[in-house]
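# Remarks on the overall topology
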Amino acid sequence: MKLVPLGDKIVLKQLEAEETTKSGIVLPGQAKEKPQEAEVIAVGPGGNIDGKEVVMQVKVGDKVIYSKYAGTDVELDGEEYIIVKQNDILAIVEA
């Protein structure tokens, strides 16, 4: 099974949180903050959303930063995903 987003929705797979801080302190599981960085898994077609033309600016494989409380958590085939609107994506991370 796969998720196919509609309209201006984007399916993200959250990247793993780092186990240690930059200063070398190891974080226990509960202390880790939910990362806001994710990889784009699927992108909706965009189009005319609420009377406005929406052009999708991200593509599959992009690494992005998204709003902290954005999206809907979904589990499919044992994998966890987040579905967000394009407006909830703050930036694309370029290497």
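Residues numbered from 1 in each chain as written. Predicted model: local features only at pLDDT ≥ 70, side-chain atom pairs only at ≥ 80, totals over all residues. Heavy atoms only, no water.

In the nomenclature of an unreviewed UniProt entry, the chain corresponds to Co-chaperonin GroES from the organism Mediterraneibacter catenae. Per UniProt, the comment on the chain under Subcellular location (unreviewed entry) is "Cytoplasm". You can read under Subunit (unreviewed entry) in the UniProt record for the chain the words "Heptamer of 7 subunits arranged in a ring. Interacts with the chaperonin GroEL." (UniProt positions renumbered as here; feature names shortened; annotations may be inferred.)

### Examining the side chain of Gln86
One can find Gln86 in the loop between strand 7 (79-85) and strand 8 (89-93). What makes Gln86 buried here is its relative accessible area of 13%. Ignoring any residue separated from it by four or fewer positions in sequence, one finds Gln86 in contact with Asp8, Ile10, Val54, Val55, Met56, Gln57 and Val58. (Helix = DSSP H or I, 4+ residues; strand = E, 2+ residues; numbered from the N terminus. Buried < 20%, exposed > 50% of the residue type's maximum accessible area, 1.4 Å probe, protein only. Contact = heavy atoms within 4.5 Å.)

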